[in-house]
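Architecture at a glance
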Number of protein chains: 2
Amino acid sequence: MKLSDGVEAAIHCATMLAALKDDAVLPTTALAEFYGVSASYLAKHLSALVRCDILISVNGPAGGFRLQRPADKITLLDVVLAIEGDAPAFRCAEIRRNGPGAPDASAYIKPCGIKSAMLAAERAWRGELAKTSIADLVQSFRAEADPRSLARNRAFVADTARVQPRTD
Amino acid sequence: MKLSDGVEAAIHCATMLAALKDDAVLPTTALAEFYGVSASYLAKHLSALVRCDILISVNGPAGGFRLQRPADKITLLDVVLAIEGDAPAFRCAEIRRNGPGAPDASAYIKPCGIKSAMLAAERAWRGELAKTSIADLVQSFRAEADPRSLARNRAFVADTARVQPRTD
DNA sequence: GGGCAACTACTCGGATAACGATTGTCCGAGTAATCATGG
DNA sequence: CCATGATTACTCGGACAATCGTTATCCGAGTAGTTGCCC
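What counts, and where the lines are drawn
- Residues numbered from 1 in each chain as written.
- Chains lettered and ligands numbered in written order.
- Predicted model: local features only at pLDDT ≥ 70, side-chain atom pairs only at ≥ 80, totals over all residues.
- Heavy atoms only, no water.
- Helix = DSSP H or I, 4+ residues; strand = E, 2+ residues; numbered from the N terminus.
- Rg over C-alpha atoms; globule rule 2.2 N^0.38 Å.
- Buried < 20%, exposed > 50% of the residue type's maximum accessible area, 1.4 Å probe, protein only.
- Contact = heavy atoms within 4.5 Å.
- Areas by Shrake-Rupley, 256 points an atom, 1.4 Å probe, with all protein chains shown as cover.
- Near = heavy atom within 4 Å.
- Polar contact = N/O pair within 3.5 Å; in protein donor to acceptor, adjacent residues only side chain to side chain.
- Nonpolar A, V, L, I, M, F, W, Y, C, P; charged D, E, K, R; others polar.
- Salt bridge = Lys/Arg side-chain N within 4 Å of Asp/Glu carboxyl O.
- Core = buried A, V, L, I, M, F, W, Y, C linked by side-chain atoms within 4.5 Å.
- Least-squares fit on C-alpha atoms with pLDDT ≥ 70 in both.

**Some remarks on the overall build of chain A**
Helices and strands together make up the secondary structure of chain A, namely 7 helices and 4 strands. A globule of 168 residues ought to have a C-alpha radius of gyration of about 15 Å, yet chain A, at 21 Å, is considerably larger. Taking the principal axes of the C-alpha coordinates as reference, chain A spans close to 70 × 35 × 30 Å. Counting all 168 residues of chain A, 46% fall into the buried class. The contacts of chain A with a sequence gap of at least 6 include a subset with a gap of at least 24, amounting to 70%. Total accessible area on chain A stands at roughly 8,100 Å², and carbon and sulfur atoms take up 53% of it.

So, in structure tokens, the structure goes:
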């Protein structure tokens, strides 16, 4: 039970991109330097977000990434599943059917209680993640963060963002 | 985000042990054969449950494992944490503090919203797991399982359980 | 001076190694039942 | 027949490899900006 290391970076980048004006983008290198992480590795995660229709990538000079839709339409769950994959955390191997003397499949029509309980817990987890949107994170950051931190983020966006005409 | 493979086996074994009479134990080999899993590997997980005071091990001939306390006092969460470790799934590396121009630590007294949201989701997950006890699983199994499966489990316990005087 | 074309530089995207954790296995320490022995 | 002691066989526990996934990196494909040239 451990989440991929890139989840944190992906969410931070998403919140940063949410602060951009429409049609503006940020490149991987700038984000990687700002957060002090490997640019090559961050690129992999941002690509995953593009594949899941969370980000849009713009190629070429003055290219970069921006959100695919409004920040209040992107939940934490969307981002986490994009990075981690949407496979359930608990995979039931049905070992109850193994071993000598086990009856045939007709005896196991009902799902076992263990699987049900584990999946219910995961639903709770996902439901909680789905409650928070990227817009919520941006709002709470603006409301609660230290002024220095806020100023640094604003300056970064102002200095680095590039305007890019929409093509979609 | 994936749970260790041994979680399923550990929970199954716990429910099986919950069906034993007091002072009876089951050895690793019997459980492994019943569930068709590797005995050596299962032993590792059962040892983890012993370390977390969920099971008691009895050494020597006629030895094995039994529950450390009543089944309704053992939750799914206890078992999962014993196998997976109790470290939180989301580990915040505080990358918001990285990069050039980041203010000193005094600017980051408040935990970031990302971390808070992720931990809240994990609390929901754990809370859900804590709702279900091993006793609940046994009860639902007895109420809903196929008669053939039920009979097989009963026969296994009757044939394999050994009585072992308590020493604690 | 304006338009056009080739070039250049910067971006993302996918294919490719290194590390670490989980998985899987084995052998040794310990203990209680067993069996032989003596009273 | 019963008590006793050494033996034996069976158990758990921790130390030791193999495999897989995640982490980390690099280079190639593509595109828009830039520059130089021609009209």
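**Some thoughts on the protein's contact with DNA strand C**
Lining the immediate environment of DNA strand C, one finds 22 residues, of which Ser57(A), Asn59(A), Ser4(B), Asp5(B) and Tyr41(B) sit closest. Counted by atom, the contact set of DNA strand C within 4 Å of the protein is 68% sugar and phosphate. Between DNA strand C and the protein, one listed contact pairs a phosphate oxygen with a backbone N or O atom of Thr28(A) at 3.2 Å. The side chain of Ser4(B) places a nitrogen or oxygen atom 2.6 Å from a phosphate oxygen of DNA strand C. Counting residues per element, the surface near DNA strand C draws most heavily on helix 3 (residues 39–51) of chain B, at 3 residues. Taken together, the residues of the surface near DNA strand C sort by class into 6 nonpolar, 12 polar and 4 charged.

**Here's the deal with the pattern of salt bridges**
Applying the stated criterion across every chain, the model contains 16 salt bridges over all chains. In this structure, Arg69(B) and Asp78(B) form a salt bridge, with 3.4 Å as the shortest nitrogen-oxygen distance. Residue classification places Arg69(B) among the partly exposed residues on the basis of a relative accessible area of 26%. Overall, Asp78(B) belongs to the partly exposed group, its relative accessible area being 25%. Three or more residues are tied together by salt bridges with common partners; here these are Glu94(A), Arg96(A) and Arg97(A).

**Points about the nonpolar core**
By size, the foremost hydrophobic cluster in this structure holds 100 residues, and its most contacted members are Met118(A) and Met118(B). Every residue in contact with Met118(B), bar those within four places of it in the chain, is listed here: Leu3(A), Val7(A), Ile11(A), Leu76(A), Val80(A), Leu129(A) and Phe90(B).

**Some details on the environment of Ala93(A)**
Residues and elements named next belong to chain A. Relative to the helices and strands, Ala-93 is located in the loop between helix 4 (76–84) and helix 5 (113–131). Given the relative accessible area of 46%, Ala-93 is considered partly exposed. Each C-alpha atom, one on Ala-93 and one on Ala-143, is 46 Å from the other, the two residues being 50 residues apart in sequence.

**A closer look at the relation of the copies chain A and chain B**
Least-squares fitting of chain A to chain B yields an RMSD of 0.0 Å, with the transformation described by 0.0 Å of translation along the axis and a rotation of 180 degrees. Expressed as a symmetry operation, the mapping of one chain copy onto the other fits a two-fold axis. Judged by C-alpha distance, Trp125(A) is the residue of chain A that lies nearest the rotation axis, at 2.4 Å. Mapped onto chain B, 100% of the interface residues of chain A again fall at the interface, so both copies present the same surface.

**Brief notes about the side chain of Ser149(B)**
Here Ser149(B) shows up in helix 7 (residues 147–160). If near-sequence neighbours (up to four positions away) are discounted, Ser149(B) is found in contact with Pro103(A), Tyr108(A) and Phe141(B).

Function-wise, these values are silent; they only describe arrangement.
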